[in-house]
Amino acid sequence: MPEVTIHIGGRDFEVSCQEGEESFLHSAAKMLDEEARVLSDQIGRIPEGRMLLMAGLMLADKTAAVEDRIKEVEAQLAECTGELARLRDVPAPEAERIEVPVVPDSVTETLAELAARAEALAAEVEEKAAS
């Protein structure tokens, strides 16, 4: 079983852990150390037991707040999941038939001829007005 030295509140501690768990222990010790440093910055030097107790309580408080937030998020997720399931169960709307009228080719051709005549007449009027 590996022995690991961790640093908390400016003090060193020798701790045993399972093989391969060293990085997790260092990570946990770092979190505890950060809380202990806050205490020592605010209060100054305090007995080891009290420092560890207070730092542990501060971490527990943060953990409780995170757990409360997780419960809120899980409730929101459950609500959204229910809404999604409800929306999936809603039948698709029936297709709506839309009829688009088709203009016959003969009408298009007639309109093109009328436009050409109107342009020719407009050109004649402009020519007579200019002279």
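In this report, we go over the structure that sits alongside the text. All residue numbers refer to position in the chain's written sequence, counted from 1. In view of the model being predicted, local features appear only for residues whose pLDDT reaches at least 70, and side-chain atom pairs are presented and counted only at 80 or more, with totals across whole chains, interfaces and linings using the full set of residues. Heavy atoms from the whole structure form the basis of all side-chain values; hydrogens and water molecules are not counted.

### Some words on the overall build of the protein chain
Rule in force here: Runs of H or I in DSSP of at least four residues are treated as helices and runs of E of at least two as strands, each being numbered from the N terminus. Between the two quantities, the radius of gyration covers C-alpha atoms and the globule rule is 2.2 Å times the number of residues to the power 0.38. In this scheme, a residue with accessible area under 20% of its type's maximum is buried, one over 50% is exposed, and one in between is partly exposed, where area comes from a 1.4 Å probe on protein chains only.
Assigned secondary structure in the protein chain consists of 3 helices and 2 strands. Seen in sequence order, the protein chain has helices and strands lined up from the N terminus as β-β-α-α-α. Since a compact globule built from 131 residues should have a radius of gyration of about 14 Å, the 41 Å found for the protein chain marks it as more spread out than a globular shape. Considered along the principal axes of its C-alpha atoms, the protein chain spans approximately 110 × 50 × 30 Å. Per-residue burial for the protein chain yields a buried fraction of 15% across its 131 residues.

### Observations regarding the nonpolar core
Selection rule: By nonpolar core we mean a set of buried residues, namely Ala, Val, Leu, Ile, Met, Phe, Trp, Tyr and Cys, connected to one another through side-chain atoms within 4.5 Å. What makes two residues a contact is simply this: any of their non-hydrogen atoms within 4.5 Å.
Grouped together as the largest cluster of nonpolar side chains are 14 residues, with contacts concentrated most on I6 and I8. Elements with a minimum of two residues in this core: β1 (3–8), α1 (22–43) and α2 (48–89). It is α1 that contributes the most residues to this core, 5 residues altogether. Residues in contact with I8, not counting those within four places in the same chain, are F13, A29, L32, D33, A36, M51 and L52.

### Quick notes on the side chain of D33
Its place among the elements puts D33 in helix α1. Apart from residues no more than four positions distant in its own chain, D33 is found in contact with H7, I8, G9 and G10.

### Let's talk about the environment of Q18
Tracing the sequence through the fold places Q18 in the loop between β2 (11–16) and α1. When the C-alpha positions of Q18 and M1 are compared, they lie 5.7 Å apart, and in sequence the two are 17 residues distant. Discounting residues that sit within four places of it in the chain, Q18 has contacts with M1 and P2.

### Focus: the pattern of salt bridges
Short version of the rule: Think of a salt bridge as a Lys or Arg side-chain nitrogen and an Asp or Glu carboxyl oxygen that are within 4 Å of each other.
What the rule picks out here adds up to 5 salt bridges. Across the salt bridge formed by R69 and E72, the nearest N and O atoms sit 3.0 Å from each other. Here the residue R69 and the residue E72 both occupy positions in helix α2, the gap between them amounting to 3 residues, near one helical turn. The exposure class of R69 is partly exposed, given its relative accessible area of 43%.

### What to know about a nonpolar patch on the surface
The test is simple: Every patch collects residues that have over 30% relative accessible area and no salt bridge, joining them within 9 Å if they carry like charges and within 5 Å if they are nonpolar side chains (Val, Leu, Ile, Met, Phe, Trp, Tyr). Using the Shrake-Rupley algorithm and a 1.4 Å probe, accessible areas are obtained, with residue cover drawn only from the displayed protein chains.
Taken together, V103, V107, L111 and L114 make up a surface patch of nonpolar side chains, about 350 Å² in accessible area. Residue position: V103 is located in the loop between α2 and α3 (105–130).

### A look at the pairing of β2
Looking down a regular strand, the side chains alternate between one sheet face and the other. In plain terms, the rule: In this analysis, strands are considered paired if DSSP registers two or more bridges between them.
With 6 bridges joining them, β1 and β2 adopt antiparallel strand pairing. Across the sheet, residue I6 finds its bridge partner in β2, namely F13. Hairpin connection between β1 and β2: a loop of 2 residues separates the two successive antiparallel strands, and G9 in this loop has a positive phi of roughly 60 degrees.

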